[in-house]
Amino acid sequence: VQLQASGGGLVQAGGSLRLSCAASGRTFRRYAMGWFRQAPGKEREFVAAISGSGGTTYYEDCVKGRFTISRDNSKNTVYLQMNSLKPEDTAVYYCAAADQFTITASLYDYWGQGTLVTVSS
């Protein structure tokens, strides 16, 4: 599976962005998908995950109520809608695919290249 993330950019605090991650292959629905982020000088951290069917989602506490993960299996794409953005959301955001629904980065087998989100105060 090859993943291509897009949609990052510069936004003011309180604004919104939608990230997309397009996957290659015809087995996309088999994979749970996750979004992770890495801020400068910090370790990569989990943001959100969604099951293959889209019926199960899970969020890191700091983004609950602000971010929404979704997927369109007909388009082989997973999304991360980010609202009420804060400066501390600034990071490179990565999408990833795993054989099982998980929040553990080491269990994700495929990773996109990352897209930069910068939130100005």
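So, here is what we can say about the structure in this document. What you are looking at is a predicted structure, and each value in this text was computed from that prediction instead of being measured.

### Remarks on the sheet that holds strand β3 (residues 17–23)
Backbone-to-backbone hydrogen bonds pair the strands of a sheet. The strands run either parallel or antiparallel. The strand order across the open sheet built from four strands is β1-β3-β8-β7, with neighbouring strands paired in antiparallel fashion. Strand pairing shows two members of the sheet lacking a second neighbour, β1 (3–6) and β7 (67–72), which therefore form its edges. Averaged over neighbouring strand pairs, the angle between their axes works out to 15° when direction is ignored.

### Considerations on the packing of aromatic side chains
On inspection of all chains with the given rule, the structure shows six aromatic pairs. Measuring from ring centre to ring centre gives 5.7 Å for F36 and F46, while their planes differ by 75°; the resulting arrangement is edge-to-face. With a gap of 10 residues between them, F36 in strand β4 (residues 32–38) and F46 in strand β5 (residues 45–50) connect regions that are remote in the sequence. Classification of F36 by relative accessible area gives buried; the value is 1%. The interplanar angle of 50° and the centroid separation of 5.0 Å between the aromatic rings of F36 and W111 together place this pair among those described as tilted. One end of the pair, F36, is in strand β4; the other, W111, is in strand β10 (residues 110–111), and 75 residues separate them in sequence.

Rules and cut-offs
Residues numbered from 1 in each chain as written. Predicted model: local features only at pLDDT ≥ 70, side-chain atom pairs only at ≥ 80, totals over all residues. Heavy atoms only, no water. Pairing = 2+ DSSP bridges. Helix = DSSP H or I, 4+ residues; strand = E, 2+ residues; numbered from the N terminus. Axes fitted to C-alpha atoms, helices over the stretch in contact; angles between N-to-C directions. Phe/Tyr/Trp six-rings, centres within 6.5 Å; stacked < 30°, edge-to-face > 60°. Buried < 20%, exposed > 50% of the residue type's maximum accessible area, 1.4 Å probe, protein only.

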